[in-house]
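Close look at the chain arrangement
Spelled out, the chains give:
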Amino acid sequence: MGREKVLLTMSFAGILIPLSYTIYFHRAFIIDSQDSNLLYNSFIKSLIITSFIFIILLTFLYFFSVSIGGLILYVFFSFMGYLVNLFNSSIIMIILQKLFSIYLGENIKVFIFYTLGILMSIYGHIRAELIYFDRHNIKVEYWQKEKENMKVKIAHLSDLHLCPIYGKKLVEKIVSKLNNENGISFVVLTGDIVDGDMFDNRISLSILEPFKKLKYKIYYVSGNHEEFTDKVRLFYLLDKVGIINLDNKIEVISKYKINLIGIGFDKDYKKIRNETIPELCEISNENNYINVVLSHIPFFKPEHLVRYNIFLFLCGHTHGAQMIPTNIYIWCKNTVLNGLYSYLNKYFVYCVSGVGNSGPPLRTFARANIGLITLTN
């Protein structure tokens, strides 16, 4: 059921949000205000077309291999993203009209409506394909006691979401970009390496093989999308390409005076906060090294950093809110959204927006990136 779960999850925002918007916003702002309903009808037509494509796609993928349906999957979710951007374009038009009392003719209004949606979608596609380095420097006070210069550069990957849309080519692009960056100490991958459906259909190991060419050691913790697949088999495949599984384990890196603590995904966040993290951090604090915690979901509160002596908390999951309005839920659900955060200027959290995509292969409001965190004294 992994494939069906993932498809339904990713299509949720693309179907329900525009539908709710169609019923409420357009009737309230267009029909009730005696304005043209041409915009409303245009949106309804877009919704009908998308729903029709959705039914065809599910039927196709149910009876045929996901690998055969990869291109269709890409086209479909691109269209879903376009539909969400139509939502955004009409909101922009309504705001401008209300603020500046701009009157637009029916044909002009529809033209702007569709053009804005197309432009935002094209922009989102470009940002989804280009991977950037997001660079940050953090000063480690504890290391100031050291006589020699200390410098650790951590490359932070997350949310690859490997699937029929993004597969081996994405892995090759990531490995090439990391290998071209000098001075990386090690790489961390904080979950959602797959979307589940690939491994349910026994896609070959070849998609992960580019990781063998990575020059740097890579540590991994699982995310919520790994719950959709055979995790035992996944962990076996990751081990075959040299990726170290750090779920609920500690890697003491004496060279850098770091305790690397991995928190595997668990639906019970209270258990993680009250049992898993305290237990692992208590063990790690015995050597007085700094604690760097890897987790997929930013489930913590600032006081947890102090209580468990967590110097740096690395996470992903939010995608930096890759599309509006689907990011509203992310803003409400998670303690951080994207980028570097500090607490008391002694404890730090970095949430990377990731290199893959959830649902539409668009990043209209958050670019794909790899974090580069440099720790120095």
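The structure contained in this document is the topic of the report that follows.

The rules behind these values
- Residues numbered from 1 in each chain as written.
- Predicted model: local features only at pLDDT ≥ 70, side-chain atom pairs only at ≥ 80, totals over all residues.
- Heavy atoms only, no water.
- Pairing = 2+ DSSP bridges.
- Helix = DSSP H or I, 4+ residues; strand = E, 2+ residues; numbered from the N terminus.
- Axes fitted to C-alpha atoms, helices over the stretch in contact; angles between N-to-C directions.
- Contact = heavy atoms within 4.5 Å.
- Phe/Tyr/Trp six-rings, centres within 6.5 Å; stacked < 30°, edge-to-face > 60°.
- Buried < 20%, exposed > 50% of the residue type's maximum accessible area, 1.4 Å probe, protein only.
- Lys NZ or Arg CZ within 6 Å of the ring centre and 35° of its normal.
- Patch = residues over 30% accessible without salt bridge, like charges linked within 9 Å, V, L, I, M, F, W, Y side chains within 5 Å.
- Areas by Shrake-Rupley, 256 points an atom, 1.4 Å probe, with all protein chains shown as cover.
- Salt bridge = Lys/Arg side-chain N within 4 Å of Asp/Glu carboxyl O.
- Lys, Arg positive; Asp, Glu negative; His and termini not counted.
- Charge placed at Lys NZ, Arg CZ, Asp CG, Glu CD.
- 1 Å grid on protein atoms, 1.4 Å probe; cavity = no way out; pocket = protein on both sides within 12 Å on 5 of 7 lines; lining within 4 Å.
- Points joined across faces, edges and corners; volume = space filled by probe spheres on them.
- Core = buried A, V, L, I, M, F, W, Y, C linked by side-chain atoms within 4.5 Å.
- Arc of directions from axis to C-beta.
- Polar contact = N/O pair within 3.5 Å; in protein donor to acceptor, adjacent residues only side chain to side chain.
- Expected span 1.5 Å × (residues − 1).

**Topic: the sheet that holds strand E2 (residues 151–157)**
With respect to topology, six strands assemble into an open sheet ordered E1-E12-E2-E3-E4-E5, the strand pairing being mixed. Each end of this open sheet is capped by a strand with a single partner; those strands are strand E1 (131–139) and strand E5 (243–245). The sheet shows a mean angle of 25° between the axes of neighbouring strands, taken without regard to direction. As paired strands, E2 and strand E12 (residues 368–376) are joined by six bridges and run antiparallel to one another. Directly across from Ala155, in E12, lies its bridge partner Leu372. Packed on one face of the sheet, helix H5 (residues 168–179) meets E1, E2, strand E3 (186–190) and E12 and runs near 45° to E1.

**Notes on the packing of aromatic side chains**
In total, this model carries six aromatic pairs according to the counting rule given. Between the aromatic rings of Phe299 and Phe313, the centroid separation amounts to 5.9 Å while the plane-to-plane angle is 80°, which identifies the pairing as edge-to-face. With a gap of 14 residues between them, Phe299 in the loop between strand E8 (290–295) and helix H9 (302–307) and Phe313 in strand E9 (residues 310–315) connect regions that are remote in the sequence. The buried category is assigned to Phe299, whose relative accessible area is 7%. For Phe313, a relative accessible area of 0% corresponds to the buried category. Three or more aromatic residues joined by ring pairs make a cluster, and in this case those are Phe186, Tyr219 and Tyr256. Geometry around Phe133 places Lys177 over its ring, the cationic atom sitting 4.8 Å from the centre. Sitting over the ring of Tyr132, Arg367 keeps its end group 4.2 Å from the ring centre.

**Describing a negative patch on the surface**
The grouping of Asp268, Glu275, Glu279, Glu282 and Glu286 at the surface amounts to a negative patch. With respect to the element layout, Glu286 can be found in the loop between helix H8 (269–284) and E8.

**A word on the layout of surface pockets**
As a volume, the second largest pocket reaches approximately 270 Å³. Taken together, 15 residues form the lining of the second largest pocket, with Tyr142, Ile290, Asn309, Phe311 and Lys346 sitting closest to its centre. Mapped by element, the contributors of at least two residues to the lining of the second largest pocket are E8 and strand E11 (347–351).

**As for the pairing of strand E10 (residues 339–343)**
Across a regular strand the side chains alternate sides, sitting on one face of the sheet and then on the other. As judged from the five bridges shared by E10 and E11, these two strands associate in the antiparallel manner. Note on E11: the bridge partner recorded for Gly339 is Cys351. In textbook terms, the turn of a hairpin is the stretch between consecutive antiparallel strands, and for E10 and E11 this stretch comprises three residues, one of which, Leu344, has a positive phi near 60°.

**Some points on the pattern of salt bridges**
One pass over the structure, following the stated rule, counts four salt bridges. Salt-bridge contacts for Lys173 lead to Glu129; the nearest nitrogen and oxygen are separated by 3.6 Å. Taken together, the residues span a long stretch of sequence, with Lys173 in helix H5 and Glu129 in helix H4 (residues 106–129) at a distance of 44 residues. A relative accessible area of 33% means that Lys173 is categorised as partly exposed. Relative accessible area serves as the criterion here: at 31%, Glu129 is assigned to the partly exposed category. The shortest N-O distance in the salt bridge between Arg135 and Glu181 comes to 3.0 Å. Residue Arg135 is found in strand E1, and its partner Glu181 is found in the loop between H5 and E3; the two are separated by 46 residues along the sequence.

**Section: the sheet that holds E10**
The sheet built from six strands is open, its strands ordered E6-E7-E8-E9-E11-E10 with mixed pairing. One side of each edge strand has no neighbouring strand; the edge strands of this open sheet are strand E6 (249–253) and E10. Within the sheet, the average angular offset between the axes of one strand and its neighbour, ignoring direction, is 20°.

**Quick word on the nonpolar core**
Counting 40 residues, the largest nonpolar core has Leu157, Ile174, Leu178, Val187, Ile193, Leu208 and Phe211 as the members making the most contacts within it. Within the residue set of this core, elements represented by two or more residues are helix H3 (70–100), E1, E2, H5, E3, strand E4 (218–221), helix H7 (231–240) and E12. In terms of residue count, the dominant contributor to this core is H5 (five residues). Residues Phe186, Val221, Ile253 and Ile258 belong to the second largest nonpolar core, which totals 26 residues.

**Brief notes about the environment of Val194**
Looking at the secondary structure, you find Val194 in the loop between E3 and helix H6 (197–200). When the C-alpha positions of Val194 and Cys163 are compared, they lie 6.5 Å apart, and in sequence the two are 31 residues distant.

**Considerations on H7**
Looking at H7, one finds that the buried residues are Leu234, Leu237 and Leu238. Looking down the long axis of H7, one finds its buried residues gathered within 100° of arc, a one-sided arrangement. Of the residues in H7, the exposed ones pointing more than 90 degrees away from the buried face are Val232 and Asp239. One side-chain oxygen of the residue at the start of H7 lies 3.3 Å from the amide nitrogen of Val232, identifying that residue as Asp230.

**Observations regarding H5**
In a regular helix each residue adds 1.5 Å, so 12 residues correspond to 16 Å; H5 covers 16 Å between its end C-alpha atoms and thus fits that length. Along H5, the residues that are buried comprise Leu170, Val171, Ile174, Val175, Leu178 and Asn179. The buried residues of H5 occupy one face: seen down the axis, they fall within an arc of 160°. Where H5 is buried, its residues contact E1, E2, E3 and E12.

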